[in-house]
Amino acid sequence: MSERLQSKPSNDGYRMPGEHEPHERVFMVWPERCDNWRLGAKPAQRTFVEVAKAISKRTPVTMVVSASQFDNARTQLPSDIQVIEMSSNDSWMRDTGPSYVVDDNGNRRGVDWGFNAWGGLVDGLYFPWDKDDQIAQKVCEILGDDSYRAPLILEGGSIHIDGEGTVYTTAECLLHPSRNPDLTKDEIEKLLCDYLGAEKVIWIPNGLFNDETNGHVDNLIHVVRPATIALTWCDDETDPQYTLSRESLAALEAQTDAKGRSIEVIKIPMPGPLYMTAEEASGIDAADGMEREAGERLAASYANYLISNKHIIFPLLDPKTDGDMEAMFKRMYPDHLITGVEAREILLGGGNIHCITQQIPAV
């Protein structure tokens with residue numbers, strides 16, 4: 001039986017492990033929303049299948065699927081990928097699933113953040129979002145893990161953790177008026193440390209240009225290992241990302257992590273710039289919250305990759321830079337398996353591989 005706890009992870013001796021630590025499995029949510037995914041989400045579904053197959057080389061995968069899509073998903077997915085019926089509003093498990101914390105005695109608990117579809121009634125991407133807000137608790141119930149309901153609106157993609165006391169986030173997202181307008185920056189920091197078992201929050205001013213999540217940190221950087229960060233870099237002075245990347249670099253180099261270490265920054269190439277085509281836009285149903293129009297700049301980033309059990313699963317986005325990025329991954333992670341997956345269909349929906357996955361730590 002899983003229980004809803006009234007205490008805080010930090011008081012109970014729990015911390016969120018880094019993504020580089022061992023995983024028991026990875027959860028995903030099946031896409032079907034026609035005002036976000038083009039052509040009835042069929043191309044996106046094929047891509048989600050390929051991502052799940054790639055992850056499953058090293059880590060078991062669970063795909064949660066609505067009742068109406070169960071047969072379709074079960075038919076498309078290999079038999080070794082678990083399929084569980086669960087209702088949802090869309091398919092971003094990173095943002096709706098639980099952030100897991102562990103202790104030194106081999107125990108594991110989930111943190112269930114409040115979710116309001118990246119902005120609620122201020123600038124949220126869809127309404128309602130009630131089913132998505134239940135996903136974290138449901139995952140914990142399925143796995144039999146106790147959980148905490150944190151008093152904070154927060155998406156998993158808005159934080160990166162090194163597992164050694166440091167949280168990375170962006171001011172653009174966590175201080176946005178559509179998230180927690182009644183909380184000060186200091187109060188948000190305290191809640192992050194309380195519920196992630198962390199000691200220090202490193203603030204980066206902004207996320208990637210034109211990211212509709214209000215600048216999620218996981219689309220700009222990735223924690224390669226403690227005190228080492230991969231940062232999306234742009235050398236084109238006419239591109240809006242040029243200044244944003246330099247501001248991010250300055251913020252990272254000006255601070256030390258929770259252990260007092262200087263932060264090494266590895267500059268990774270930015271694909272594109274990439275834009276939505278007229279054909280792609282024409283296949284998407286009209287919606288109030290999400291802009292899906294021809295010519296829209298896509299928030300494309302190689303930082304949006306997953307580390308799972310010494311395996312890098314990264315998005316293939318641009319033939320001009322995909323090969324360079326793969327070579328960089330081989331240097332950054334010399335003892336890891338490196339797998340690229342064609343991921344434009346995920347990008348068209350507003351995120352990428354890190355956004356559609358949530359790891360469950362092994363204990």
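Look a little higher up for the structure.
Residues numbered from 1 in each chain as written. Predicted model: local features only at pLDDT ≥ 70, side-chain atom pairs only at ≥ 80, totals over all residues. Heavy atoms only, no water.

**Digging into the overall build of the protein chain**
Step number 1: When helices and strands are tallied, the protein chain shows 11 helices and 17 strands.
Step number 2: The C-alpha radius of gyration computed for the protein chain amounts to 19 Å, which stays within 12% of the reference 21 Å derived for 363 residues, consistent with globular compactness.
Step number 3: Seen through its principal axes, the protein chain has C-alpha atoms that stretch 50 × 50 × 45 Å.
Step number 4: Put simply, 75% of the contacts in the protein chain that link residues at least 6 apart link residues at least 24 apart.
Step number 5: Surface accessibility of the protein chain: about 13900 Å² in total, with carbon and sulfur atoms responsible for 48%. (Helix = DSSP H or I, 4+ residues; strand = E, 2+ residues; numbered from the N terminus. Rg over C-alpha atoms; globule rule 2.2 N^0.38 Å. Contact = heavy atoms within 4.5 Å. Areas by Shrake-Rupley, 256 points an atom, 1.4 Å probe, with all protein chains shown as cover.)

**Considerations on the pattern of salt bridges**
Step number 1: Under the counting rule described, the total for this entry stands at 22 salt bridges.
Step number 2: The salt bridge partner of Asp 318 is Lys 320, with a shortest N-O separation of 3.6 Å.
Step number 3: Residue Lys 320 is classed as exposed on the basis of its relative accessible area, which comes to 67%.
Step number 4: Each of Arg 4, Asp 112, Asp 133 and Arg 149 takes part in a single network of salt bridges with overlapping partners. (Salt bridge = Lys/Arg side-chain N within 4 Å of Asp/Glu carboxyl O. Buried < 20%, exposed > 50% of the residue type's maximum accessible area, 1.4 Å probe, protein only.)

**Details of the pairing of strand S13 (residues 264-269)**
Step number 1: Summarising the sheet, strand S12 (residues 228-233) and S13 pair through 6 bridges and their orientation is parallel. Each bridged residue has a counterpart across the sheet, and for Thr 232 the counterpart in S13 is Ile 268.
Step number 2: In this view, the connection linking S12 to its parallel neighbour S13 by way of helix H8 (residues 240-253) has right-handed handedness. (Pairing = 2+ DSSP bridges. Right-handed = clockwise from strand over helix to strand, strands pointing away.)

**Regarding the environment of Ile 338**
Step number 1: One can find Ile 338 in strand S16 (residues 337-342).
Step number 2: Residue classification places Ile 338 among the buried residues on the basis of a relative accessible area of 15%.
Step number 3: Along the sequence, Ile 338 and Ile 307 sit 31 residues apart, while their C-alpha atoms lie 9.6 Å from each other.

**A word on the nonpolar core**
Step number 1: In terms of nonpolar packing, the biggest core is built from 61 residues, with Met 28, Tyr 305 and Met 332 touching the most fellow members.
Step number 2: In terms of residue count, helix H1 (residues 42-55) provides more of this core than any other element does, 7 residues in total.
Step number 3: Of all hydrophobic cores here, the second largest spans 24 residues; its members include Val 101, Cys 173, Leu 192 and Val 201. (Core = buried A, V, L, I, M, F, W, Y, C linked by side-chain atoms within 4.5 Å.)

**Quick word on the packing of aromatic side chains**
Step number 1: Taken as a whole and assessed by the stated rule, the structure comprises 10 aromatic pairs.
Step number 2: Through pairs of rings, three or more aromatic residues link up here, namely Tyr 305, Phe 314, Phe 329 and Tyr 333.
Step number 3: For the cation-ring pair, Arg 33 lies above Tyr 126, with the distance from its terminal atom to the ring centre recorded as 4.3 Å.
Step number 4: Its end group placed over the ring of Tyr 242, Arg 246 keeps NZ or CZ at 3.5 Å from the ring centre. (Phe/Tyr/Trp six-rings, centres within 6.5 Å; stacked < 30°, edge-to-face > 60°. Lys NZ or Arg CZ within 6 Å of the ring centre and 35° of its normal.)

**A look at helix H5 (residues 130-143)**
Given 3.6 residues per turn, any residue in an α-helix points the same way as the ones three and four places further on.
Step number 1: The end-to-end C-alpha separation of H5 is 21 Å, in line with the 20 Å expected for 14 residues at 1.5 Å each.
Step number 2: In the structure, H5 departs most strongly from a straight axis at Ala 136, where the bend amounts to approximately 35°.
Step number 3: Within H5, burial applies to Asp 132, Ile 135, Ala 136, Val 139 and Cys 140.
Step number 4: Looking at the packing, one finds that the buried side of H5 touches strand S2 (23-29), helix H3 (93-96), strand S5 (99-102), strand S6 (108-114), strand S7 (147-153) and strand S17 (358-361).
Step number 5: Following H5 by one or two positions, Gly 144 adopts a phi angle in the positive range, close to 75°. (Expected span 1.5 Å × (residues − 1). Bend = angle between axes of the 7 residues up to and from the residue.)

**Some points on the sheet that holds strand S10 (residues 200-204)**
One key point about sheets: their strands pair by backbone hydrogen bonds, in either a parallel or an antiparallel sense.
Step number 1: Across the sheet, 3 strands lie side by side as S8-S9-S10; this open sheet has mixed pairing. Only two strands of the sheet have a single partner each, and these edge strands are strand S8 (159-161) and S10. With direction set aside, neighbouring strand axes in the sheet form an average angle of 25°.
Step number 2: By the bridge criterion, 3 bridges tie S8 to strand S9 (residues 166-170) in an arrangement that is antiparallel. Directly across from Ile 159, in S9, lies its bridge partner Thr 169.
Step number 3: On the sheet, helix H7 (residues 185-196) packs against S8, S9 and S10 and is oriented at approximately 130° with respect to S10.
Step number 4: Strands S9 and S10 of the sheet are contacted by H8, whose axis makes an angle of about 155° with S10. (Axes fitted to C-alpha atoms, helices over the stretch in contact; angles between N-to-C directions.)

**Overview of unusual backbone geometry**
Step number 1: Residues Phe 127 and Pro 128 are joined by a peptide bond in cis, for which omega reads 0°.
Step number 2: As for its placement among the helices and strands, Pro 128 is situated in the loop between helix H4 (120-123) and H5.
Step number 3: Between Gly 272 and Pro 273 the backbone carries a cis peptide bond, its omega angle lying at 10°.
Step number 4: Mapped onto the elements, Pro 273 comes out in the loop between S13 and helix H9 (278-282).
Step number 5: Residue Leu 39 is not a glycine yet carries a positive backbone phi of 55°.
Step number 6: Considering the arrangement of structural elements, one finds Leu 39 in the loop between S2 and H1.
Step number 7: You will see that Ala 227, though not glycine, has its phi angle at about 70°, which is positive.

**Some points on the sheet that holds S16**
Step number 1: A sheet is described by the order of its strands in space; here 3 strands give the open sequence S14-S15-S16, paired in mixed fashion. Sheet topology places strand S14 (306-307) and S16 at the edges, where each strand pairs with a single neighbour.
Step number 2: Where S14 meets strand S15 (residues 311-316), 2 bridges bridge the pair, whose relative direction is antiparallel. For Leu 306, the partnering residue across the bridge sits in S15 and is Ile 313.
Step number 3: Packed on one face of the sheet, H1 meets S14, S15 and S16 and runs near 175° to S16.
Step number 4: Helix H10 (residues 319-332) contacts S15 and S16 of the sheet and is inclined by roughly 165° relative to S15.

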